[in-house]
Protein chains: 2
Amino acid sequence: MRLSTKGRYGLKAMFDLTVNNGSEPISLNNIAKRQDISEHYLEQLMAILRKSGLVQSVRGAYGGYILARKPSEITVGDILRALEGPIGLVDCVLEKDAVECMKYQDCITRIVWEKIRDSIIETIDSITLQNMYDESRKHK
Amino acid sequence: MRLSTKGRYGLKAMFDLTVNNGSEPISLNNIAKRQDISEHYLEQLMAILRKSGLVQSVRGAYGGYILARKPSEITVGDILRALEGPIGLVDCVLEKDAVECMKYQDCITRIVWEKIRDSIIETIDSITLQNMYDESRKHK
DNA sequence: ATAAATCCGACCAAAATGATAGGGATTAGG
DNA sequence: CCTAATCCCTATCATTTTGGTCGGATTTAT
């Protein structure tokens, strides 16, 4: 029941963009170094985040990435859905594109997976990048 | 963010033992057929559940498995922990044996993983096999 | 023009997953 | 005692996923 590094690195990178949020775009190289992630691998994750509309890229010299929306309008759920796909612990109980199995109707274990999924969703959709930023200021 | 089949099959098998709970032990073969799981593979999962003290085995002809405790005293959390290991989405935020990373102290994303983990734990520890059984009766 | 960046597609090694195989040990019933 | 049923154990393995790496094309500030 582990997240892949996509979700882990992705949240780190998005939080990095939040902390260093300004007029200038932030380069991959900078994020990768600060967060200790392989630059080339992070590149692939940023491509996904860009296609999902969570970041915008600026090409060319002195380019980089910036958040596509205000930190208060991007949730942890947005990021995890983009990188990890629909939320859920089993394929027959996802938010979307769930693969119904044969015994779908009578399956009691399904109800358990639904409850777990819903508790995860409630949590990740209630935390924004802004919330995380505020939290980090408190800790200083 | 998917569970392996260990957890999925394991819960199915444990629920099967609950429904067919009686004086007689239930054979692997029966569980496997009813739940549509490879018998040999299920055998490995039952070995784990047995070593975790969740089921008892009866060897020899007409042997099989029975729940080690009352269904009301076995939670979904017990089963998932046995089969999937300590609960948590990332290695640095597990219930136990967490692997602290270098930047552990300042890591803000960690707080997010903790909240998700705790919401999962709260859910899985609040559902017993008896709860599931009661639910299944209602659906009939 | 040049250097700093993103963009893109292909490839790849290691680990995890979901089994399968084969035999040994135990026990109920005839 | 014999046999069939059943759990127990270790080893092996094919496939998929993961977590990258590589090399070059494209874009743009200076």
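The structure we're discussing is the one just above.
Quantities reported herein were computed from a predicted structural model and do not represent experimental measurements.

J.: Explain the protein's contact with DNA strand D to me, using residue names and the numbers behind them.
T.: Looking at DNA strand D, there are 24 residues lining it, with Ser38 and Gln44 of chain A together with Leu28, Glu43 and Ser57 of chain B nearest. Taking His40 of chain A, its side chain carries an N or O atom lying 3.1 Å from a base oxygen of DNA strand D. The contact in question runs from a base nitrogen of DNA strand D to an N or O atom on the backbone of Ala61 of chain B, over 3.4 Å. Within the residue set of the surface near DNA strand D, elements represented by two or more residues are helix H1 (5-19) and helix H3 (39-51) of chain A together with helix H3 (39-51), strand E1 (55-58) and strand E2 (64-67) of chain B. Here the surface near DNA strand D gets three residues from one element, more than from any other, and that element is H3 of chain A.

J.: I'd like a description of the packing of aromatic side chains, backed by residues and values.
T.: Note on aromatic pairs: each is described by the distance of the centres and the angle between the planes. All names here are of chain A. All chains considered together, the criterion is met by two aromatic pairs over all chains. Centre to centre, the rings of Tyr9 and Tyr41 are 6.0 Å apart; their planes meet at 80°, and the pair counts as edge-to-face. Of this pair, Tyr9 sits in helix H1 while Tyr41 sits in helix H3; the two residues are 32 residues apart in sequence, bridging distant segments of the chain. The exposure class of Tyr9 is buried, given its relative accessible area of 19%.

J.: Give a description of the layout of surface pockets that names residues and reports values.
T.: Put simply, the largest pocket is a space of about 900 Å³. Gln35 of chain A together with Lys103, Asp106, Cys107 and Ile108 of chain B are the residues nearest the centre of the largest pocket, which is lined by 30 residues in total. Secondary-structure elements contributing two or more residues to the lining of the largest pocket are H1, helix H2 (28-35) and helix H6 (129-138) of chain A together with helix H5 (109-125) of chain B. Per element, the largest residue contribution to the lining of the largest pocket is six residues, and it comes from H1 of chain A. Each residue belonging to the lining of the largest pocket can be placed in one class, and the counts come to twelve nonpolar, six polar and twelve charged. The computed volume of the second largest pocket comes to approximately 550 Å³. As for the second largest pocket, its lining consists of 21 residues, of which Asp106, Cys107 and Ile108 of chain A together with Phe15 and Ser136 of chain B are closest to the centre. Listing elements by their share of the lining of the second largest pocket, those giving two or more residues are helix H5 (109-125) of chain A together with helix H1 (5-19), helix H2 (28-35) and helix H6 (129-138) of chain B. Looking at the lining of the second largest pocket, the element that brings in the most residues is H1 of chain B, giving four residues. For the lining of the second largest pocket, the class distribution of residues is seven nonpolar, six polar and eight charged.

Quick notes on the rules
Residues numbered from 1 in each chain as written. Chains lettered and ligands numbered in written order. Predicted model: local features only at pLDDT ≥ 70, side-chain atom pairs only at ≥ 80, totals over all residues. Heavy atoms only, no water. Near = heavy atom within 4 Å. Polar contact = N/O pair within 3.5 Å; in protein donor to acceptor, adjacent residues only side chain to side chain. Helix = DSSP H or I, 4+ residues; strand = E, 2+ residues; numbered from the N terminus. Phe/Tyr/Trp six-rings, centres within 6.5 Å; stacked < 30°, edge-to-face > 60°. Buried < 20%, exposed > 50% of the residue type's maximum accessible area, 1.4 Å probe, protein only. 1 Å grid on protein atoms, 1.4 Å probe; cavity = no way out; pocket = protein on both sides within 12 Å on 5 of 7 lines; lining within 4 Å. Points joined across faces, edges and corners; volume = space filled by probe spheres on them. Nonpolar A, V, L, I, M, F, W, Y, C, P; charged D, E, K, R; others polar.

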